[in-house]
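Letter by letter, the chains look like this.
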Amino acid sequence: NMERKSQDELNELEDALNFLALVGSAASCRGRFSSVTGDEVARFLALISCEGAANAPTIGISTPLDCLGETPSKQDTEISILAGTALGSMFNIKGGSPFARQRLAHL
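Predicted model, so just to flag it, every value in this text is computed and none were measured.

Visitor: Which residues make up a nonpolar patch on the surface, and what are the values?
Guide: A cluster of nonpolar side chains, contributed by Phe19, Leu22 and Val23, occupies part of the molecular surface with about 300 Å² of accessible area. Residue placement: Val23 occurs in helix 1 (residues 2-30).

Here is the structure:
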């Protein structure tokens, strides 16, 4: 069933975006040189959420991920929401550098 496959793919993408946000949060909390990874993750998630397309060579996504294609659809909106939710989870970090949230918000 095509609809079931599409939902499974969205679930896998959600898991991947949430994991990416977790790695980005950890990198931001660690600070120093790891902050670059946190910055890149936040930038990537923001671009996917707002513009529907992005690449992030620093974190290994060298081919642009284009979620919009030719004609926007309901699934494209869901992908933007998933990316925005993952980005929001990066701001919900506890501990780490006192400037981690400020740094993320600046991006």
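Visitor: Tell me what's going on with the pairing of strand 2 (residues 61-66), and back it up with residues and numbers.
Guide: Summarising burial for strand 2: 0 of the 6 residues are buried, a small minority. Pairing between strand 1 (residues 53-56) and strand 2: 3 bridges, direction antiparallel. Looking at the pairing, Ala53 lines up with Asp66 of strand 2. If you look at the hairpin formed by strand 1 and strand 2, you'll find 4 residues sitting between the two strands, and Gly60 has a positive phi there, around 90°.

Visitor: Mind laying out the side chain of Ser80, listing which residues take part and the relevant values?
Guide: Its location among the elements puts Ser80 in helix 3 (residues 74-91). Judged by its relative accessible area of 18%, Ser80 is buried. For Ser80, the residues in contact, after removing those within four places along its chain, are Ile48 and Ser49.

Visitor: So what's going on with the environment of Arg30? Which residues, and what values?
Guide: Tracing the backbone shows Arg30 in helix 1. On the basis of relative accessible area, Arg30 is assigned to the exposed category, the value being 67%. Note: C-alpha distance between Arg30 and Ala100 (70 residues apart in sequence) is 8.9 Å.

Visitor: Account for the environment of Leu87, with residues named and values stated.
Guide: Mapped onto the secondary structure, Leu87 falls in helix 3. With 70 residues separating them along the chain, Leu87 and Leu17 place their C-alpha atoms 8.7 Å apart. Ignoring anything within four residues of it in the chain, the contact list for Leu87 reads Ala42, Leu45 and Ala46.

Visitor: Describe in detail the nonpolar core, supporting the description with residues and values.
Guide: The biggest cluster of nonpolar side chains holds 19 residues, and the ones touching the most others in it are Leu17, Phe44, Leu45, Ile48 and Met90. Within the residue set of this core, elements represented by two or more residues are helix 1, helix 2 (35-51), strand 1 and helix 3. Filtering out sequence-adjacent residues up to four positions away, Ile48 remains in contact with Ala53, Ala54, Leu65, Cys67, Ile79, Ser80 and Ala83.

What counts and what doesn't
- Residues numbered from 1 in each chain as written.
- Predicted model: local features only at pLDDT ≥ 70, side-chain atom pairs only at ≥ 80, totals over all residues.
- Heavy atoms only, no water.
- Patch = residues over 30% accessible without salt bridge, like charges linked within 9 Å, V, L, I, M, F, W, Y side chains within 5 Å.
- Areas by Shrake-Rupley, 256 points an atom, 1.4 Å probe, with all protein chains shown as cover.
- Salt bridge = Lys/Arg side-chain N within 4 Å of Asp/Glu carboxyl O.
- Helix = DSSP H or I, 4+ residues; strand = E, 2+ residues; numbered from the N terminus.
- Buried < 20%, exposed > 50% of the residue type's maximum accessible area, 1.4 Å probe, protein only.
- Pairing = 2+ DSSP bridges.
- Contact = heavy atoms within 4.5 Å.
- Core = buried A, V, L, I, M, F, W, Y, C linked by side-chain atoms within 4.5 Å.

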